[in-house]
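Per-entry structural report
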Amino acid sequence: MSAKLWDGRFAAPTDKVVEKFTSSIDIDRRLYRHDIEGSTAHCRMLAKVGIISTEEMNTLVSGLATIGQEIEDGKFVYDDRLEDIHMHIEDRLGQLVGPVARKLHTARSRNDQVALDTRLYLRAQTDMVIAMLKGLREVLVETAHAQLGHIMPGYTHLQRAQPVLLSHHLMAYYEMFTRDSGRFADARVRMDISPLGAAALAGTTFPIDRAYTAELLGFSEIAANSMDAVADRDFMLEFLAAASITMVHFSRLAEELIMWSSKEFGFIELPDAFATGSSIMPQKKNPDIPELVRGKTGRVFGDLVALLTTMKSLSLTYNRDMQEDKTPLFSTVDTVKAVIEVVTRMLPHIRFNTATMRHESGTGFLNATDMADYLVGQGMAFREAHGVVGRAVAHALAQGKELHELPLEEMQAFAEVIDADLYEALKLERVVDRRTSAGGTAAACVRAAIAKAREDLAGESQPGQEGPAS
Ligand code: ARG
């Protein structure tokens, strides 16, 4: 290893424990590709404005490419003494191309460099997350389409409320994940800004061309303020916040899958390939996958809170505290991608016990609202109808019956306006299909929602790619 790249003013070598304490190479080495990409663009810009010669630029750029290859081939040697990935690459460049390597860092600081690397990294990861979420949304829509026509109990307070289509329930998650995808896309807009050229904090005396490096790296804008460019990490916080909200949605889906696969609900059977057994109880088939999805939500929330806490109250501009940003960021990126992947793979293999769902929808007075609506149709005020049905429910409960199992004469004792056509109004299909208000659970509405979702998905292009307007 060569001497430290910043040791000119130091008389004593760094303490070993300090080297270990300050090193971030084990974490930030995964930024190597973006570091090389950023340095390459920086070199090209330095040559363009005449700070280095074209020949020097070529030497540096090919040296950087060699390092990229060495890292990819697993031949690169890491060393705590070199702190981070930026130092490692610059140091290795010196070994490969000699003294000209020392020109690479002209008009640049590790402060704008690390802000650049993490923006490049996160922009690519965000695109990946959005693409993966699209895959999940497609699976949800296709599952909803395949399950059209099946009725299940809908709940509020986890108490049976009104029957809904299973497809409607699934499409609710489609909506949630669509908004999540939109949040990642929104965050990407503010991520897509180049900090390069801010240097340490104040800009630089060299005649650099920030727009050129931004263009080479595919950024849509350059940061307007050099201090802000190196001091803030809100682009990461936005990603972590979007990821946390996404995990809220996953945790709710996971919770439902766990409940639905219990004997108590019996609504679904999880695929064998996505469940695990017990080491002691031979009969067990446990929903470990949704449980872990639910559990990993805590990790992602923790990552958001960790970075919020790290950034809180930091005076401008760069502070070394900010090196702690990468651990939560990488942890959330990995977790969210793993969760999207496993859920997307599992969903198409879930077996829905639609007969059970339908049977359970017929018990627990899920058609009570419809009896009240029927009475309103007969001219009764809704509040009065509510009272009538409440008394009918109490009566039916005492008899151990459902509303539609009460004979007409008993029904008429609660309200004279009741006719035999009430029983038609209490039928499950009717109950579902009369809910035709926009966004309702009627089959026609759900079909339309599925058609619209398919159309939207087909028209969506990935951010950063040319394609039909999204
Ligand atoms: N490893 C550092 C980080 O991740 C890079 C920036 C270091 N800057 C500095 N002034 N020490 O934040």
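The structure contained in this document is the topic of the report that follows. (Residues numbered from 1 in each chain as written. Predicted model: local features only at pLDDT ≥ 70, side-chain atom pairs only at ≥ 80, totals over all residues. Heavy atoms only, no water.)

**Side note on the overall build of the protein**
Helices and strands together make up the secondary structure of the protein, namely 19 helices and six strands. Taken over the C-alpha atoms alone, the protein extends approximately 100 × 55 × 40 Å along its principal axes. The buried share of the protein, reckoned over its 470 residues, is 48%. Within the protein, counting contacts between residues at least 6 apart in sequence, those at least 24 apart form 75% of the total. (Helix = DSSP H or I, 4+ residues; strand = E, 2+ residues; numbered from the N terminus. Buried < 20%, exposed > 50% of the residue type's maximum accessible area, 1.4 Å probe, protein only. Contact = heavy atoms within 4.5 Å.)

**Structural notes on the site of the ligand**
The environment of the ligand is formed by Ser24, Asp84, His86, Arg110, Asn111, Val114, Tyr318, Gln323 and Lys326. In the model, an oxygen atom of the ligand is placed 2.4 Å from a nitrogen or oxygen of the Tyr318 side chain. Between Lys326 and the ligand, the recorded distance is 2.5 Å, taken from a side-chain N or O atom to an oxygen atom. For the ligand, whose unbound accessible area comes to 340 Å², protein coverage reaches 87%. Considering every element that reaches the shell around the ligand, the biggest residue donor is helix α6 (residues 110-146), with three residues. (Near = heavy atom within 4 Å. Polar contact = N/O pair within 3.5 Å; in protein donor to acceptor, adjacent residues only side chain to side chain. Areas by Shrake-Rupley, 256 points an atom, 1.4 Å probe, with all protein chains shown as cover.)

**Some remarks on the pairing of strand β1 (residues 151-156)**
The side chains of a regular strand alternate, residue by residue, between the two faces of the sheet. Bridging between β1 and strand β2 (residues 159-165) involves six bridges; their strand directions are antiparallel. What sits directly across from Ile151, in β2, is Leu165. Connecting β1 to the antiparallel partner β2 that follows it, the hairpin turn spans two residues, and His157 within it adopts a positive phi of roughly 55°. (Pairing = 2+ DSSP bridges.)

**A short note on the side chain of Thr344**
When you line up the elements, Thr344 lands in helix α12 (residues 326-346). Thr344 sits in the buried class, given a relative accessible area of 17%. Sequence-distant contacts of Thr344, that is, excluding residues within four places in its chain, are made with Met132, Gly135, Leu136 and Val139.

**Considering the packing of helix α3 (residues 32-48) against helix α5 (residues 85-97)**
Running from amino to carboxyl end, α3 crosses α5 at an angle of 60°, the nearest separation of the two axes being 10 Å. As the angle between them shows, α3 and α5 are arranged oblique. The crossing of α3 and α5 is right-handed. Of the residues in α5, those in contact with Tyr32, Asp35 and Ile36 of α3 are Ile85, His86 and Ile89. Grouping the constituent residues of the contact of α3 with α5 by class yields four nonpolar, one polar and one charged. (Axes fitted to C-alpha atoms, helices over the stretch in contact; angles between N-to-C directions. Parallel < 35°, antiparallel > 145°, perpendicular 65-115°, else oblique. Left-handed = near helix turned anticlockwise from the far one by under 90°. Nonpolar A, V, L, I, M, F, W, Y, C, P; charged D, E, K, R; others polar.)

**A short note on the nonpolar core**
Within soluble globular proteins, side chains that are nonpolar tend to cluster in buried spots. Core analysis: the largest hydrophobic core is formed by 92 residues, its most contacted members being Leu122, Leu136, Phe239, Phe250 and Ile268. Element by element, the count of residues in this core is highest for helix α10 (residues 234-260), at 14 residues. Once you skip the residues sitting within four places of it in the chain, Phe250 turns out to touch Leu136, Phe177, Val293, Val339, Ile340 and Val343. Counting 21 residues, the second-largest nonpolar core is a separate cluster that includes Ala372, Tyr374, Leu403 and Met411. (Core = buried A, V, L, I, M, F, W, Y, C linked by side-chain atoms within 4.5 Å.)

**A closer look at α3**
Between the first and last C-alpha of α3 there are 24 Å, a value that for 17 residues agrees with the 24 Å anticipated at 1.5 Å per step. Of all 17 residues in α3, 13 are buried; the element is thus mostly enclosed. (Expected span 1.5 Å × (residues − 1).)

**Quick look at the side chain of Thr213**
Here Thr213 is to be found in helix α8 (residues 210-216). Here Arg210 takes part through its backbone oxygen, which lies 3.0 Å from a polar atom of the side chain of Thr213.

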